[in-house]
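Structural characterization, general
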Amino acid sequence: MQIEKHRIEEHNGPLLAEHKRKFDFVGSGVHNVEAVIQRLIDFNVAIPSWALGTGGTRFGRFSGAGEPGNLEGKMEDVALLHALNRSSGAISLHIPWDIPENYSAIKTVAAELGLRFDAVNSNTFQDQKGQPLSYKFGSLQHIDKAVRRQAIDHNTEVIRHGVQLGSKALTVWLSDGSCFPGQLNFRKAFQNTLESLQEIYSALPGDWKVFVEYKAYEPNFYSMTVGDWGQSLLYANKLGSKAYTLVDLGHHLPNANIEQIVALLLMEGKLGGFHFNDSKYGDDDLTVGSIKPYQLFLIFNELVEGMDAREMDHTTDLGWMIDASHNVKDPLEDLLQSVEAIMISYAQALLIDRKKMNEAQQDNDVVAAQEILQNTFRTDVRAIVAEARLRGGGAINPLRLFREMKIREQLIKERGAKTVATGL
Ligand code: PSV
Ligand code: MN
């Protein structure tokens, strides 16, 4: 299904007066409000193809109804989000969960829906049906060259799929590591992984990037071969200028200072991409901003400050993606909430008075610095985000319109109650 323009206008009409009142109030206090709005209009976050179905845990999965049963359906879902919020105009594919069968047909669908293909993701953390060699003891790190070869070949195949679709980056997340002390020779595992990544790197087209995603633990619980940003940065530096670190918010040990990691990676020119989600304990993959919204804001503060220091383009120089999945909400409603949380934090970070912040830091005025951050964080910018959405042709309240239109009910009618989306 697609959302017609008039449905959005009908939704916006009755909400306009109240929206305008709120926007005028908050907008009047922001000296650069027009510039902020333009940045918000330009900003887009890619939706992962694996987040459109209900997620599961190793204990079970409770499929929702009306899930997209194929790639076209997933793209249709992303287009629904984009029609509502105008900030979700890209999809990130996981191979082999979503192998396009017919490139030109898929590209036509994408063009009709106004979507582009973001980074493609390889998968050597699961064994696929009919796969000759197992990844039980790792993939790019494996002691057996033949397993490493199979994993390298998979990654180069993923690049080929991405090239056909117009993607410009490969994200490599490895579950490689060990579960018990003594299982691995850390140095050999690192070197094998590096050599494998070097081969993959050499297959990248000239205008591509590779993102090396790190994760502290799970599914390996003693060591991960790309376990933290230091290790990821080592690989990225050794690989070359097309290799970058990817930060997934859920992949740190508890209480890690992610905003500081982001600042330093940006300083080194080695931050490539982001996977947004939120967590209370580990890689919980919860809705962005649902647990630690202040941390999200502090991260965006560093992102904006760091990107501006390097004169980077906020919209294109980093890969912005959501990576969330859970058991209990409608995935589309959840993604609307996640994108909204991202836009709010980004908008707030754009409001920070950099000159005053710099002065406070230079004067060691700790209180003033905290006041600047917290006053901004406590500014309700939702009307500014809604104004950007409105000007971009989206809904003032996307979630409300999703429910008013009974979109899930319509999808169930179209797709049935029993479809299951590929993914974890
Ligand atoms: C691993 O936990 C991860 O964050 C990687 O990005 C994978 O591609 C994705 O989740 C799979 O769900
Ligand atoms: Mn991730």
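This text follows the structure it describes.
**Focus on the overall build of the protein chain**
The helix and strand inventory of the protein chain stands at 15 helices and 13 strands. Computed over C-alpha atoms, the radius of gyration of the protein chain comes to 22 Å, within 12% of the 22 Å expected from 2.2 N^0.38 for 424 residues, which places it in the range of a compact globule. If you line up the protein chain on its principal axes, its C-alpha atoms span 65 × 60 × 40 Å. Counting only residues that meet the buried cut, the protein chain has 46% of its 424 residues in that class. Sequence-distant contacts, at least 24 apart, represent 81% of the contacts inside the protein chain between residues at least 6 apart.

**Observations concerning the pairing of strand β12 (residues 271-276)**
With 6 of 6 residues buried, β12 is to be regarded as a mostly interior element. The pairing of strand β11 (residues 243-248) with β12 spans 4 bridges and is classified as parallel. Bridging from a neighbouring strand, Val-247 pairs with Phe-274 of β12. The handedness of the β11 to β12 crossover, carried by helix α8 (residues 258-267), is right-handed. When β12 meets strand β13 (residues 319-322), the two strands line up parallel, connected through 4 bridges. If you follow Phe-274 over to β13, its bridge partner there is Trp-320.

**Re unusual backbone geometry**
With omega at 15°, the peptide bond leading from Ile-95 into Pro-96 counts as cis. Here Glu-218 and Pro-219 are connected by a cis peptide whose omega angle stands at 10°. Here Pro-219 is to be found in the loop between β9 (209-213) and β10 (223-224). In this structure, Glu-218 takes a positive phi of about 85° despite not being glycine. Note on placement: Glu-218 falls in the loop between β9 and β10. Assessed through the 13 C-beta atoms surrounding it within 10 Å, Glu-218 is described here as partly exposed. Positive phi outside glycine occurs at Lys-406, with the angle close to 50°.

**Quick word on the packing of helix α11 (residues 354-362) against helix α12 (residues 366-377)**
A pair of packed helices is characterised by two quantities: the angle between their axes and the separation of those axes. Close contact between α11 and α12 brings their axes to 7 Å; oriented N to C, the two are set at 155°. On the basis of their axis angle, the class for α11 and α12 is roughly antiparallel. Crossing of α11 against α12: the hand is left-handed. Contact with α11, carried on its side by Lys-356, Met-357, Ala-360 and Gln-361, involves Ala-368, Ala-369 and Ile-372 of α12 and no other residues of that element. Tallied by class, the residues present in the contact of α11 with α12 amount to 5 nonpolar, 1 polar and 1 charged.

**Some details on the pairing of strand β7 (residues 169-173)**
Each regular strand displays side chains that alternate between the two surfaces of the sheet. Across the 5 residues of β7, 5 count as buried, placing the element largely inside the fold. Alternating positions in β7 separate into two faces, Ala-169, Thr-171 and Trp-173 on one and Leu-170 and Val-172 on the other, with burial throughout. Since strand β6 (residues 120-121) and β7 lie parallel, the crossover through helix α5 (residues 145-165) that links them has a hand, and here it is right-handed. Bridge analysis of β7 against β9 gives 5 bridges, and the strand direction is parallel. Looking across to β9, one finds that Leu-170 is bridged to Val-210.

The rules behind the values
- Residues numbered from 1 in each chain as written.
- Chains lettered and ligands numbered in written order.
- Predicted model: local features only at pLDDT ≥ 70, side-chain atom pairs only at ≥ 80, totals over all residues.
- Helix = DSSP H or I, 4+ residues; strand = E, 2+ residues; numbered from the N terminus.
- Rg over C-alpha atoms; globule rule 2.2 N^0.38 Å.
- Buried ≥ 20, exposed ≤ 12 C-beta atoms within 10 Å, placed from the backbone.
- Contact = placed C-beta atoms within 7 Å.
- Pairing = 2+ DSSP bridges.
- Right-handed = clockwise from strand over helix to strand, strands pointing away.
- Axes fitted to C-alpha atoms, helices over the stretch in contact; angles between N-to-C directions.
- Parallel < 35°, antiparallel > 145°, perpendicular 65-115°, else oblique.
- Left-handed = near helix turned anticlockwise from the far one by under 90°.
- Nonpolar A, V, L, I, M, F, W, Y, C, P; charged D, E, K, R; others polar.

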